[in-house]
Structures are given as C-alpha cells and as structure tokens.
Amino acid sequence: MYTAGLLVCACMGLSVAPPPLSPGEDWWRTAVFYEIFVRSFADSTQGPLAGDGVGDLRGLLDRLDYLNDGDPHTADDLGVTGIWLMPIAQSRSYHGYDVTDYRTVDDEYGTNEDFKALVAACHARGIRVILDTVMNHVGIDHPWFQQAIDPASDKRDWFVWRDEPLTGEGAPNHPVWHDKVRDRAGQYYYGFFWHGMPDLNLRSQAASEAMYDQCRYWITDMGADGLRLDAVKHLIEDGVQFENTPQTIAWLRDFNRVMHQARPGVFLVGEVWDDTDVVAQYVNDGIDSAFEFSTCFAVEKGINAGKAETIARALDPSWKDLGGAASTMIGNHDMDRVMSRLGGNREKAACAATIQFTAPGVPFIYYGEEIGMTGVKPDPDLRTPMQWTGDGERAGFTTGTPWKPVDSSVEQANVERQQTQPDSLFSTYRRLIALRQAEPALHAGGFALLDAGDERVLVFVRSHARGRLLVVVNVSGDTLTGDWGVDAASLGVKPGAALKELLHNVPVLCPAHEVDPRWRALGRLDPYTGYVVRLP
C-alpha cells in the first residue's frame, strides 16, 4: 500500500478569470498550459497565408477565444492561461527542430510582427506565451554549421568534431557520428538525433554566448514569457556519456541566471525524458521546471490495468523530489496520443485528466487532447490538423487542402460537437481547469497519499491555508459501492460535517461515528471517475 504527506476548495459553473499578468517569479505555478503545433492548429482565413493548408500565427490568433476569451462570464472557452508554441523559427523540416535562423519566424507561419501581435492578443486575455527553444543542435543548413565546416573557421569549435567516431561501453546505440561533410571538413561531426541536426558544442564560450543571445531576443525584444528547452539532457557530452552530465546541469544553471537577469519572472521548463530522480537534478539545481515523464506513463499504465498503486508509486517520489515544480502531461507531440494509448475510451481519458489536474504540478495539455483526438506513430500522425468541426476533409482547420489528412476520429472528436455537450471530454477539461484555478490547494497546496484499502481506488489530500480537498479516483472499469475507505478521524472529519463534492455534485456521506477508520465519503464510485470533496 502507499502513504505520504498533505490538502483544497472550489466552485464550478463559471469560467475563472485569469490572474493579471505580472513579473512575479512564480506566476507559472498557477498556470495551465496548452501545447500547440502551429502548423496543425489553424490556417488563417485572410492575408497572404490564408487557405494554404498550413497553420500559421494569424490563424492561431483568430482561434484564441477558444483557448481563453478573457471573459469570466462565458462558458465556451477552455480557460487555459498559457500556451507553448512548438518551434516557429526558420527550418527545413515540417517539425521545426532543425533551426536555420533563430531570429526569424518561419515563412510558412508568418512574420515576426505576426508573433508580436499574437503575444499582445494573448496578454490581453491573460495568456502567457512560451516558445520551444532548440539549444542542443541546429539544422545542417544553419550558417553557423556551414561556416564551421571550414577547419579554419572561428566557429569550428562551436560543434563537436573527431577524426574517428567515438565508441565504447555506454555510447549511444544508434549512429551519432556523421560523415556528410567529411570531404570538406576532414572530420566526423556529432549529431545525437540525426545527421541533419549537428549538436552545438556548448563547452565553447562563444557558442554559449550566441545561444544566450538568441534566447534573450525572444524574451526581451519579442515578448515571450518563457522558453521550453528541448532535449536538455543531451546538451554537453563527456566522452561516451551522452546524457545527464554534470557539465550540462552546470551550463543550465548559468543559463537560468542569464535568462532571469534579462527578464525577471521568465519561465524555463526543460524536456528531460528520464526517471523522476534524474529530472529532479535539473529542477533543483538548474531550471524552473521540467516535464515529468514517469508520472505520465504511470497514469496510463495504472488506468489501463485498474491499479491505483501504479499511479501512487509515481506521484509519491514526484512530490517528494519536485514538489509543485514538476510540469505534468498525459501526452505530447513525441508519443502516441493519450486517447489511443487508452484504447479510445473517453472515460479513461477523463480519468487521466482528472488525476493530472488534481495532483501536484503545472499541467500541460497537448492540442486536441481535450476533445479526444487519436494518433499513433510515426510522428506526423501525432500532429494532424486540429479538429474544429466534424468535416472529415478539412475539419474547419483550413479552407484549402490540409498539409496532413485529418485524423479518423474527427466525427466524434471535434470542438463544434463537444462544446455544446455537458458530458463531453471538452466539458470535463473545462471543469477541471476552472477547479484547479479556483482552488489554491490544487495549484499551490500540499499533497498526501492515503491508503484506500482497495487497489482500484486512488485517494489523496491537497491542503492549503485556504482549504483542504479530498480527491478520490476509481481507476478501474468497475462500479464500486464498498470495499474502500479512509480514516475519517485522521482527516478531522466528524459526523454532521459540512461536505461538498465539487466536480459532479454528487451526495457526500458523513462518518457514522466519531471514529470511523473505513469512512466512505461517496456511496458509489463510477468507473474511471474522479471526485473532489471539500473537507472542513
């Protein structure tokens, strides 16, 4: 069984107004982020890029009201308070991670002025903007690398070169030393992900300063509120050790200092695809936050198996090692969509979202997740056009031909259909976002796992000076009416206590006695359903 240590409140039905934008150091701790692949979110309807089948910044701006219209009295926007834009700089590829010009918006997405207009419109709605930033490598056509091919170039040491590939125990098990320019360079170059993306040598002070400059540009001149740092565990190698080196964390510590000096309150969140204890090294000694992959996969595995302890065993170390600084997700652009991983089951997807939004951390939603879009690898099939309508050809994404065919889930998984359905996945997400933003215990409170006495039931308490919440989640496909319970006395709950369930407005049962070690706050737990009870 599982234990740990700490508790929340709420009110549903109304959209929660986003907090005013300020340079406060910890604004991101209360945010809810939405990850956007600009190419697939919305094609503009006017201007030079309209109807070309590729999403762009103007198209995104036109759809901002869906994310947050800035009006607390409306009920059809999602209510997020931050967006993460996947790479938008000039690049050869569709995905944008092989940058060729760090300071210019990709021609297919618009202009730098379009980006500034987007930021202004976001800020007017209380939405922060963070940008995907690729520091580990550049595109092979980037001028830095093209110059570095010449052995006499002053940028030669901006990249990693060897006469022969470095091999040995612990070396990557895929090709990382490439000979594509050996005829001109005289050596192999290092590129961890692909020959088209040569790694920068961030041991070079000049290369580091150049990267500082690119990042400063976007958070000062261009107005971005933060940076999502791609592949940070690979920044600096040490012999055959190609990830998580002490030199990488030391570099990030300096980077963190430089960025916060340039823009106080900037948010830096890293991609560290690793175990929680490794992720913690980056957060505790480098950057503001990092994504929690272990919890992401544990939620999927636990729900698919109907085993709460699988999830609890991930939440416990995440809280102990990262506290509320973990950035949480149940899917992103590099993994099969969560709806596909959960077998296309809407109730399972809602259950996963409930855990994400009630557990500690800063939640990130991958675009389309809130309506149940599906997709399995290869990668382009995880990044198909956003499904605004049920039109199987264009899905309301474009008036032209989409760059990628619309996913087959479009008939059910579309915004137009789900915005009007109170029991839709979209509506579930909207309630969860509003609840998290309304309740300090959820976005800033402590956390304690409780033993429910049933392997199918996940129970924890969120606590804050302004209230406590009991979270009960049935992660199985069974309807539960007994066999689980928690110690009422340890929670300070007595007969006659004023209790209210906040997500579904179902009745809450008070303890029958002063001492009730097997108190069941809810008489019935529906399959794959989570409940939030306000405690006295």
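Draft legend 1. Region of the structure containing the overall build of the chain. Helix and strand content of the chain: 16 helices and 18 strands. Here the C-alpha atoms of the chain give a radius of gyration of 24 Å, agreeing with the 24 Å that 2.2 N^0.38 yields for 536 residues. By the burial criterion, 62% of the 536 residues in the chain qualify as buried. Accessible surface, the chain as shown: approximately 19,600 Å² in total, 49% of it carbon and sulfur. In the chain, which carries 48 positive and 74 negative side-chain charges, the distance between the mean positions of the two groups comes to 4 Å.

Draft legend 2. Structural detail: helix α8 (residues 246-262). Along its 17 residues, α8 runs 25 Å from first to last C-alpha, staying within 8% of the 24 Å computed at 1.5 Å per residue. Those residues of α8 hidden inside the fold are in contact with α7 (205-221), β9 (226-229), β10 (267-270) and α9 (276-285).

Draft legend 3. Summary view of the pairing of strand β16 (residues 467-474). Across the eight residues that make up β16, a large majority, eight, are buried. Burial along β16 is two-sided: G467, L469, V471 and V473 and R468, L470, V472 and N474, pointing in opposite directions, are all buried. Of the strand pairs in this sheet, strand β15 (residues 457-464) and β16 are connected by eight bridges, and their pairing is antiparallel. Paired with V457 across the bridge in β16 is N474. Joining the antiparallel neighbours β15 and β16 is a turn of two residues.

Draft legend 4. Quick peek at unusual backbone geometry. Cis geometry is adopted by the peptide bond preceding P378, which originates at K377 and carries an omega value of 20°. Among the structural elements, P378 can be located in the loop between β13 (362-366) and α14 (415-418). With a phi angle near 75°, D483 is a residue other than glycine that sits in the positive phi range. The topology assignment puts D483 in the loop between β16 and β17 (500-501). Phi is positive for N505, which is not a glycine, with a value near 55°.

Draft legend 5. Local environment of the pairing of strand β1 (residues 33-36). Residues F33 and E35 line one face of β1 and the alternating positions Y34 and I36 line the opposite face, and both faces are buried. Where β1 and strand β2 (residues 82-85) come together, four bridges link them in parallel fashion. Within β2, the position partnered with E35 by the bridge is W84. The pairing of β1 with β13 spans three bridges and is classified as parallel. Its bridge partner lying in β13, Y34 is registered against I365.

Draft legend 6. Representation of the sheet that holds strand β14 (residues 446-450) within the structure. Strand order across the open sheet formed by five strands is β14-β15-β16-β18-β17, with antiparallel pairing between neighbours. Each edge of the open sheet is held by one strand with a lone partner, namely β14 and β17. Contacts between helix α11 (residues 308-322) and the sheet are confined to β14 and β15, with β15 contributing the most and set at about 25° to the helix.

Draft legend 7. Spatial organisation of the packing of aromatic side chains. Evaluation of the coordinates by the stated rule reveals 35 aromatic pairs. Between F192 and F242, the ring centres sit 5.3 Å apart and the planes meet at 20°, which makes this aromatic pair stacked. Note that F192 is positioned in the loop between β8 (188-190) and α7 and F242 in the loop between β9 and α8, a separation of 50 residues in sequence. On the basis of relative accessibility, which here comes to 8%, the residue F192 falls in the buried class. Consider the rings of W319 and F447, whose centres lie 6.0 Å apart with planes at 55°: the pair is tilted. Of the two residues, W319 is situated in helix α11 and F447 in strand β14; the sequence distance between them amounts to 128 residues. Seen from the ring of W158, K155 lies directly overhead, with NZ or CZ sitting 4.9 Å from the centre.

Draft legend 8. Up close: the nonpolar core. In terms of nonpolar packing, the biggest core is built from 145 residues, with Y34, L85, F115 and L458 touching the most fellow members. By residue number, the principal contributor to this core is α7, which donates eight residues. In terms of nonpolar packing, the next biggest core, distinct from the first, is built from 23 residues, L470, V486, A497 and V508 among them.

Draft legend 9. A look at the confidence of the model for the chain. Per-residue pLDDT for the chain averages 94, and the proportion of residues at 70 or more is 95%. Long-range and interchain partners of residues 1-20, a stretch whose pLDDT sits below 50, account for 82 contacts in this model, where long-range means more than four residues apart.

Draft legend 10. Main features of α9. Of all the residues in α9, the buried ones are T276, V278, V279, A280, Y282 and V283. Here the buried face of α9 lies against α8, β11 (289-291), α10 (293-305) and α11.

Draft legend 11. Structural detail: the side chain of R456. Relative to the helices and strands, R456 is located in the loop between β14 and β15. Setting aside its immediate chain neighbours within four residues, R456 contacts G306, A308, V473, N474, V475, S476, D478, L480 and D483.

Reading the values: rules and limits
- Residues numbered from 1 in each chain as written.
- Predicted model: local features only at pLDDT ≥ 70, side-chain atom pairs only at ≥ 80, totals over all residues.
- Heavy atoms only, no water.
- Helix = DSSP H or I, 4+ residues; strand = E, 2+ residues; numbered from the N terminus.
- Rg over C-alpha atoms; globule rule 2.2 N^0.38 Å.
- Buried < 20%, exposed > 50% of the residue type's maximum accessible area, 1.4 Å probe, protein only.
- Areas by Shrake-Rupley, 256 points an atom, 1.4 Å probe, with all protein chains shown as cover.
- Lys, Arg positive; Asp, Glu negative; His and termini not counted.
- Charge placed at Lys NZ, Arg CZ, Asp CG, Glu CD.
- Expected span 1.5 Å × (residues − 1).
- Contact = heavy atoms within 4.5 Å.
- Pairing = 2+ DSSP bridges.
- Axes fitted to C-alpha atoms, helices over the stretch in contact; angles between N-to-C directions.
- Phe/Tyr/Trp six-rings, centres within 6.5 Å; stacked < 30°, edge-to-face > 60°.
- Lys NZ or Arg CZ within 6 Å of the ring centre and 35° of its normal.
- Core = buried A, V, L, I, M, F, W, Y, C linked by side-chain atoms within 4.5 Å.
- pLDDT = per-residue confidence, 0-100.

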